[in-house]
Amino acid sequence: MSKIYNFSAGPAVLPKEVLEVAKSEMLDWHSSGMSVMEMSHRGKEFFQIINEAETDLRDLLAIPSNYKVLFLQGGAHLQFSMIPLNLAGEASQVDYINTGIWSKKAIDEASRFCNVNIAASSEDKGFTYVPSQDQWRLNKDASYIHFTSNETIGGVEFFWTPDVDNVPLIADMSSHILSRPVDVSKFGIIYAGAQKNIGPAGLAIVIIREDLIGHARNNTPTMLDFKTHADNESMYNTPPTFGIYIAGLVFKWLKNLGGLSEIEKINTKKANILYNYLDASDFYSSPIRIEDRSRMNIPFTLKESALDDLFLKRAEAHGLLQLKGHKLVGGMRASLYNAMPIEGVIELVNFMEAFARQHG
Ligand SMILES: *Cc1c(COP(=O)(O)O)cnc(C)c1O
């Protein structure tokens, strides 16, 4: 088979080196005689796996010691409910920034549990930009402020951290966590589903400041209380062991590359290759305001949408997979997560050039 590049938005490409290690350890992890999938989550082998994963993640993101790292299930979606249940009473006000489809889903879920104030929105221009902070109408009594720091479907990314005084700042970083350094100390909670930039589906990671733990409202199910998981080191019930193992291998891969400032350089380079081409072309275009363009998820359109199906068919024949845009926005989307090699982006642009020459 010729070389394949997978541009899926998630579950997404994983580093080949990581899959090779997983393959070599599949039947027998470190001479334990067991596959990771067969181990007790309370045994010494898995204890080592989860501890190393946490230590490596803490190293990569320089997570301060007053933050807990939780390895949970339920995806990023479950955080849409856990966050209001743990941080806001029924009469509470909470602030949400609406920058697209994922923000909206978080807003809809929070609205079931408390009073949501939409402090800013970019809906007026089809979610093609990030509203600057001077346009935000924050509620000074808000229990927290939630935003989606990278909109996976729309392709809009925050390249600045909101400045919010003492109100806990909560970010859904599902689709760009670990793509560059962040100052964790500016956040109350950072959460992410693993299947975009961390590992396989089934694992969600929550990085939470300790003082935000232990305030769940009455009747919060035990499994949805952050305290349950913090008090039990993510072992209250059986955690997603294989997902944690693969995530740990990805963390080691990133450390070997030189950490998050190194991967940021590579990610910037990759995104620039595609954006520069889109901007130079009169056959393709990007709808997103230049300064807010995501490095991870790059939606683009063809001059004529009638050519979309042919473009996808030819791309696939060329080994360029999963370029179809989300059904809610149409067009194309190339996701360039950490594990996408630069050669994949060059190959994509070469293909796009040839297609435009033929059909432009
Ligand atoms: C994919 C995604 C989600 C949903 O993740 P699940 O793990 O499927 O619940 C939420 N937010 C963002 C920004 C995403 O990219």
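Residues numbered from 1 in each chain as written. Predicted model: local features only at pLDDT ≥ 70, side-chain atom pairs only at ≥ 80, totals over all residues. Heavy atoms only, no water.

## A word on the overall build of the protein chain
In step 1: The helix and strand tally for the protein chain stands at nine helices and 14 strands.
In step 2: In terms of C-alpha radius of gyration, the protein chain reaches 21 Å, essentially the compact-globule figure of 21 Å for 360 residues.
In step 3: Counting only C-alpha atoms, the protein chain reaches 60 × 55 × 30 Å along its principal axes.
In step 4: Burial status across the protein chain gives 56% buried among its 360 residues.
In step 5: For the protein chain, the proportion of contacts with a sequence separation of at least 24, taken over those separated by at least 6, is 67%.
In step 6: Carbon and sulfur atoms provide 50% of the accessible area of the protein chain, an area that totals close to 15900 Å². (Helix = DSSP H or I, 4+ residues; strand = E, 2+ residues; numbered from the N terminus. Rg over C-alpha atoms; globule rule 2.2 N^0.38 Å. Buried < 20%, exposed > 50% of the residue type's maximum accessible area, 1.4 Å probe, protein only. Contact = heavy atoms within 4.5 Å. Areas by Shrake-Rupley, 256 points an atom, 1.4 Å probe, with all protein chains shown as cover.)

## A few points about the packing of helix α8 (residues 308–317) against helix α9 (residues 342–359)
In step 1: Their axes nearest at 11 Å, the elements α8 and α9 cross at an angle of 135°. On the basis of their axis angle, the class for α8 and α9 is oblique. The hand of the α8/α9 crossing is right-handed. Residue-level contacts link Leu310, Phe311, Arg314 and Ala315 of α8 to Phe351, Met352, Phe355, Gln358 and His359 of α9.
In step 2: The residue makeup of the contact of α8 with α9, split by class, is six nonpolar, two polar and one charged. (Axes fitted to C-alpha atoms, helices over the stretch in contact; angles between N-to-C directions. Parallel < 35°, antiparallel > 145°, perpendicular 65-115°, else oblique. Left-handed = near helix turned anticlockwise from the far one by under 90°. Nonpolar A, V, L, I, M, F, W, Y, C, P; charged D, E, K, R; others polar.)

## So, the environment of Val116
In step 1: Looking at where Val116 falls in the secondary structure, it is placed in strand β4 (residues 115–121).
In step 2: Note: C-alpha distance between Val116 and Val94 (22 residues apart in sequence) is 5.1 Å.
In step 3: Those residues in contact with Val116, other than ones at most four positions away along the chain, are Val94, Tyr96, Ile107, Ala110 and Ser111.

## Things to note about the environment of Asn117
In step 1: Relative to the elements of secondary structure, Asn117 occurs in strand β4.
In step 2: Given the relative accessible area of 23%, Asn117 is considered partly exposed.
In step 3: The sequence separation of Asn117 and Ser294 amounts to 177 residues, and the corresponding C-alpha distance is 26 Å.

## A short note on the pairing of strand β14 (residues 332–335)
Looking along a regular strand, one sees the side chains alternate between the two faces of the sheet.
In step 1: Of the two faces of β14, the one lined by Met332 and Ala334 and the one lined by Arg333 and Ser335 are each fully buried.
In step 2: Of the strand pairs in this sheet, strand β12 (residues 297–302) and β14 are connected by four bridges, and their pairing is antiparallel. Of the residues in β14, the one forming a bridge with Phe300 is Met332. (Pairing = 2+ DSSP bridges.)

## Things to note about the side chain of Asn86
In step 1: Examined against the element boundaries, Asn86 turns out to sit in helix α3 (residues 75–87).
In step 2: On the basis of relative accessibility, which here comes to 1%, the residue Asn86 falls in the buried class.
In step 3: Within polar-contact distance, the side chain of Asn86 engages the backbone nitrogen of Phe226 at 3.0 Å.
In step 4: Apart from the residues lying within four places of it in its own chain, the contact partners of Asn86 are His215, Ala216, Leu224, Asp225 and Phe226. (Polar contact = N/O pair within 3.5 Å; in protein donor to acceptor, adjacent residues only side chain to side chain.)

## Details of the domain arrangement of the protein chain
In step 1: Its domain assignment divides the protein chain into domain 1 (5–9 + 258–359) and domain 2 (17–257).
In step 2: Its C-alpha centre places domain 1 at a distance of 26 Å from the equivalent point of domain 2.
In step 3: Listed per partner, the contact involves 27 residues of domain 1 and 28 residues of domain 2.
In step 4: Carbon and sulfur atoms make up 59% of the surface buried where domain 1 meets domain 2, a total of about 2300 Å² over both sides.
In step 5: Per-residue buried area on domain 1 facing domain 2 is highest for Leu260, Asp292 and Asn338; these three make up 25% of the total on that side.
In step 6: Across the domain 1-domain 2 interface, the total number found is zero salt bridges.
In step 7: Remark: the boundary between domain 1 and domain 2 carries 16 residue pairs in polar contact (both at pLDDT 80 or more).
In step 8: Elements with a minimum of two residues in the side of domain 1 that touches domain 2: α7 (260–280) and β12.
In step 9: Ranked by the residues each element gives to the side of domain 1 that touches domain 2, the list is headed by α7, at six residues.
In step 10: Class assignment for the residues of the side of domain 1 that touches domain 2 results in 11 nonpolar, eight polar and eight charged. (Domains from an automatic or database assignment. Buried area = accessible area lost by both parts, 1.4 Å probe. Salt bridge = Lys/Arg side-chain N within 4 Å of Asp/Glu carboxyl O.)

## Side note on the nonpolar core
In step 1: Counting residues in hydrophobic clusters, the biggest one holds 54 residues, and the most contacted among them are Leu61, Leu178, Ile198, Ile205 and Phe251.
In step 2: If one sorts the elements of this core by residue count, helix α6 (residues 241–257) sits on top with nine residues.
In step 3: The two domains that each donate at least three residues to this core are domain 1 (5–9 + 258–359) and domain 2 (17–257).
In step 4: In this structure, Phe251 is in contact with Ala53, Asp56, Leu57, Leu60, Leu178, Ile198 and Ile205, ignoring residues within four places of it in sequence. (Core = buried A, V, L, I, M, F, W, Y, C linked by side-chain atoms within 4.5 Å.)

## Some points on the site of the ligand
In step 1: In the vicinity of the ligand lie 13 residues, with His77, Thr152, Asp172, Gln195 and Lys196 positioned nearest.
In step 2: For the ligand, a nitrogen atom lies 2.6 Å from a polar atom in the side chain of Asp172.
In step 3: Taking Lys196, its side chain carries an N or O atom lying 2.6 Å from an oxygen atom of the ligand.
In step 4: For the shell around the ligand, the element with the highest residue contribution is α3, accounting for four residues.
In step 5: Classifying every residue of the shell around the ligand gives three nonpolar, eight polar and two charged. (Near = heavy atom within 4 Å.)

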